[in-house]
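Structural characterization, general
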Amino acid sequence: MKTIVILAHPNIEQSLVSKSWVNALKEQHADVTIHNIYETYPDWNIDVAAEQKLVGAHDRIIFQFPVQWLNMTPLMKKWFDEVLSYGWAYGPDGDKLVGKEIGAAVSAGSPEEAYQVGGKNLFPLSQLLSPIEATVNFVNAKYHSFHAFYGVFSDDLENRLKINTQEYLKYVTQ
Ligand SMILES: Cc1cc2nc3c(=O)[nH]c(=O)nc-3n(C[C@H](O)[C@H](O)[C@H](O)COP(=O)(O)O)c2cc1C
């Protein structure tokens, strides 16, 4: 199975979570493709044909981004809008994602307690990520669920991130 992580972090240099995840992948699973779209497209001018070719060459696609305003990052959304085009992802001959495994790896500043019914963010991440899950269903791909790291600003970050990074590696590769 060929796997690609489509990374949409606006500032990977200053990242703690995504950087830890990506570094671990590079060290332990060099066969996984890591594609940083903020680095590839600093002008946000996405090469749709190149993206479609890249995605087409992989069986599992993981969208990775920090949660921003309870959503995906804006270049990630632009990527969805442009790359999942009519006649490619849906519509006539739009079968290029059929059967692929697609999931999301996200980091969140808020602690996990905030992401529940009645919590500060009102909804669990499973619900906030439902547009991705429903899109995966729409294009007849398989939802690979999601992996999350919560509470970037709380205590014990280093230890929690170390454990979480091992879980992330399993999520991406197994
Ligand atoms: C513009 C902006 C909006 C954000 N909105 C949220 C949010 O809605 N919920 C949340 O939990 N964290 C939010 N955060 C915090 C980021 O999710 C957090 O800093 C990031 O996931 C940390 O991962 P990193 O170390 O890879 O950068 C926001 C951060 C920024 C810059």
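Residues numbered from 1 in each chain as written. Predicted model: local features only at pLDDT ≥ 70, side-chain atom pairs only at ≥ 80, totals over all residues. Heavy atoms only, no water.

Details of the side chain of Lys-100
By the secondary structure assignment, Lys-100 is in the loop between helix H4 (74-83) and strand E4 (101-107). For the buried residue Lys-100, which engages in no salt bridge, the nearest side chain bearing the opposite charge is Asp-59, 5.0 Å off. From its side chain, Lys-100 meets the backbone oxygen of Gly-56 in a polar contact 3.3 Å long. In contact with Lys-100, not counting residues within four places along its chain, are Val-55, Gly-56, His-58, Asp-59, Ile-61, Ala-141 and Lys-142. (Helix = DSSP H or I, 4+ residues; strand = E, 2+ residues; numbered from the N terminus. Buried < 20%, exposed > 50% of the residue type's maximum accessible area, 1.4 Å probe, protein only. Lys, Arg positive; Asp, Glu negative; His and termini not counted. Salt bridge = Lys/Arg side-chain N within 4 Å of Asp/Glu carboxyl O. Polar contact = N/O pair within 3.5 Å; in protein donor to acceptor, adjacent residues only side chain to side chain. Contact = heavy atoms within 4.5 Å.)

Structural notes on helix H7 (residues 157-173)
Compared with the 24 Å implied by 1.5 Å per residue over 17 residues, the 24 Å span of H7 between its first and last C-alpha is a close match. The complete set of buried residues in H7 reads Leu-157, Leu-161, Asn-164, Thr-165, Tyr-168, Leu-169, Tyr-171 and Val-172. Projected down its long axis, H7 shows its buried positions confined to an angular sector of 160°, all on one face. Counted as exposed and oriented over 90 degrees from the buried face of H7: Lys-162 and Lys-170. (Expected span 1.5 Å × (residues − 1). Arc of directions from axis to C-beta.)

Brief notes about the pattern of salt bridges
Charged atoms that come close allow side chains of opposite charge to pair. Under the criterion given, the structure shown has 4 salt bridges. A salt bridge links Glu-82 to Lys-78; its shortest N-O distance comes to 3.0 Å. With Glu-82 and Lys-78 both in helix H4, this residue pair falls 4 residues apart, about one helical turn. A residue is classified by how much of its surface remains accessible, and Glu-82, at 28% relative accessible area, is partly exposed. The exposure class assigned to Lys-78 is partly exposed, which follows from its relative accessible area of 24%. The residue Asp-95 makes a salt bridge to Lys-96 at a minimum N-O spacing of 3.1 Å. Residue Lys-96 is classed as partly exposed on the basis of its relative accessible area of 35%.

As far as function goes, none of this settles anything; it's purely spatial.
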